[in-house]
Amino acid sequence: MNFFNTILILAAAFLAVFGEAAFQLPRHLFGAQVDLLPALMIYAALNTNIVTVSLLAAFGGLGFDALSANPLGVSILPLLAVGFPICLRRDLILRDLPFAQIILGAAASGAVPLLGVLLLLTGGQEPLLGWGSLWQWLVMIAGGAAATPVIFALFDWCHHALGYQPQAETSFRPDREIRRGRQ
Amino acid sequence: MALVVALLLSLPSHAASHLKLGISGLFLPLFGAVSTARQLPGRAADAILPRSELLKEIETLQRENQQLKIQDLQAAATAHENDQLRALVGWQRQQPWKLKLASIILRDPANWWRTVQIDLGKRDGLVENLPVLTSDGLVGRISAVGYAQSQVVLIGDPRCRVSARILNPAHDMGVISPGGPLENSLVDLTYLSGNANLKPGQEVVTSGEGGIFPPGIPVGQIVDSRQAEFGLYTEARVKLSADLGALDQVWVLIQ
């Protein structure tokens, strides 16, 4: 099940990165592209193990950097920085509540681009920044917050549709059977 | 994991660029599937278009083709005359542009860069720093070349600075620099002389300085201007001729 879950999450990361590069509707409507990897990382951190979180950070970060002008590998660390602490402290989080998912999605979608840009500036790069970047950041936060519960719902549906479901236990107990008729 | 990241970040730029283009090549089959799906409605519409409409369209295109042929003849005569005059003055003969059509396959998913990927690469004779344009004007330059795809850095990205000239009597020159992150069609023209006489609507073209972009490629039109650094130089906003937000196909200029 875990293996299947990991494959599913990595496939979703691949599709998310491709979607961000191929479909420009959010950019045309709001002036910014929404990043789905932080929302996916929240799902992975709350529902899988540290190996899947690391694989998602590596796989998603490399894919994102390969399609963008970022230096290769620069997006891995921000994703890890968000995924690791949540994965370690997930017992304290009410992961099934949509409100918690939205808050975590918003926080991750705000933190990942911020850390990414900080890393770029530290590395001597000159990304395109200005007052408009603040608006883009808010759009990314809102988009990530909205996407997180959707991702949770999608993965739940996938598990129900594709995963093994344990058979429901019957309530029948032979020792409590009411015997009718004559013995 | 941190070690892997450090290793990746310390790769030589050439190796990192090749690795990036290799990884981005994994996304190409998906792009093929999506572009085929996008073309389906258009093909379906073509299939049900009446024959009379198609014939009318062919007629219009034939007429346009004849006009272009006549203009081409005129341009050839002008070019011949230009070559003769250049030979008389002793200037180097101008080479005609060789253009290759490319399709935009992917856009940069990050909001802080302006790059696109095109479906031409080394196998098509592309090298780094070739100018990319549309029929409307300059788009950018090739920044990385893979076997079958290349990355184009667009005007307005911090890594694409262009030396430009204004078509005014003084032929003022400046450098095209990025505008704001939300302004897709506006860029800044900086380092113009302090007393530059700028008017909205004046054309801006490449100056040919810098060795990457040949002179005369349209860049855009002046929108407004202001003094910068206490009047040390003038800055102007330029509306780009090419619509960078709706790029579908571009021309790569192979000099």
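Here we summarise the structure given alongside this text. For every chain, the first residue of the written sequence is number 1, and numbering continues from 1 onward in sequence order. Each chain is given a letter, starting from A, and each ligand a number, starting from 1, according to the order in which they appear as written. Given that the model is predicted, a residue must reach a pLDDT of at least 70 before its local features are reported, and side-chain atom pairs must reach 80 or more before they are shown or counted; all residues, however, enter totals for whole chains, interfaces and linings. Excluded from the side-chain calculations are hydrogens and water; all other atoms, namely the structure's heavy atoms, are used.

What goes into a patch is any residue over 30% in relative accessible area without a salt bridge, connected to like charges within 9 Å or, for nonpolar side chains (Val, Leu, Ile, Met, Phe, Trp, Tyr), within 5 Å. All accessible-area figures derive from a Shrake-Rupley calculation using a 1.4 Å probe, and residue coverage is judged against the displayed protein chains alone. We count a salt bridge whenever a side-chain nitrogen from Lys or Arg sits within 4 Å of a carboxyl oxygen from Asp or Glu. Taken together, the side chains of A:L25, A:L29, A:F30, A:W135, A:L138 and B:L182 make up a nonpolar region of the molecular surface, amounting to roughly 640 Å² of accessible area. Elements represented by at least two residues in the nonpolar patch include exactly α2 (25–30) and α7 (131–162) of chain A. Secondary structure elements are taken from DSSP: a helix is a run of H or I of four residues or more, a strand is a run of E of two residues or more, and numbering for both begins at the N terminus. In terms of residue count, the dominant contributor to the nonpolar patch is α2(A) (3 residues). The topology assignment puts A:W135 in helix α7.

Once that is clear, we can look at the interface of chain B and chain A. In this complex, chain B contributes 37 residues to the contact, which on the side of chain A involves 46 residues. Buried area adds together the accessible area that both of two parts lose upon being put together, with accessible area traced by a 1.4 Å probe. With both chains or domains summed, chain B and chain A bury close to 3700 Å², and 72% of this area falls on carbon and sulfur atoms. Summed over the three residues of chain B that lose the most area to chain A, namely B:P109, B:N111 and B:W112, the buried surface amounts to 21% of that side. Counting every contact that joins chain B to chain A gives 1 salt bridge. In this structure, A:E126 and B:R161 form a salt bridge, with 3.7 Å as the shortest nitrogen-oxygen distance. For this analysis, a polar contact is any N or O atom pair within 3.5 Å, provided that within protein one partner can donate a hydrogen and the other can accept it, and provided that sequence-adjacent residues contribute only side-chain to side-chain pairs. Here chain B is connected to chain A by 10 residue pairs in polar contact (both at pLDDT 80 or more). Elements with a minimum of two residues in the side of chain B that touches chain A: α1 (2–9), α2 (13–24), α3 (28–48), β1 (98–107) and β2 (115–118) of chain B. A total of 5 residues in the side of chain B that touches chain A trace back to one element, the largest contributor, which is α2(B). Whether two residues are in contact is decided by their heavy atoms, any of which lying within 4.5 Å being enough.

For the rest of this paragraph, the subject is the nonpolar core. All names here are of chain A. Grouped together as the largest cluster of nonpolar side chains are 53 residues, with contacts concentrated most on I42 and L56. Counting residues per element, this core draws most heavily on helix α3 (residues 37–47), which supplies 9 residues. Those residues in contact with I42 that lie beyond four places of it in its chain are V82, I86, L104, G105, A108, T148 and F152. The term nonpolar core refers to a set of buried residues drawn from Ala, Val, Leu, Ile, Met, Phe, Trp, Tyr and Cys, joined through side-chain atoms within 4.5 Å. Exposure is judged per residue with a 1.4 Å probe applied to protein chains only, and the accessible area is read against the type maximum: over 50% gives exposed, under 20% gives buried, and values in between give partly exposed.

Further remarks concern the pairing of strand β9 (residues 203–206) of chain B. All names here are of chain B. Pairing geometry for strand β6 (residues 162–166) and β9, over 3 bridges, is antiparallel. Across the sheet, residue I166 finds its bridge partner in β9, namely V204. A pair of strands is labelled paired if DSSP reports no fewer than 2 bridges between them. The sheet contact formed by β9 and strand β10 (residues 218–228) spans 3 bridges and is antiparallel. In the sheet register, E203 faces β10, and the bridge partner there is Q221.

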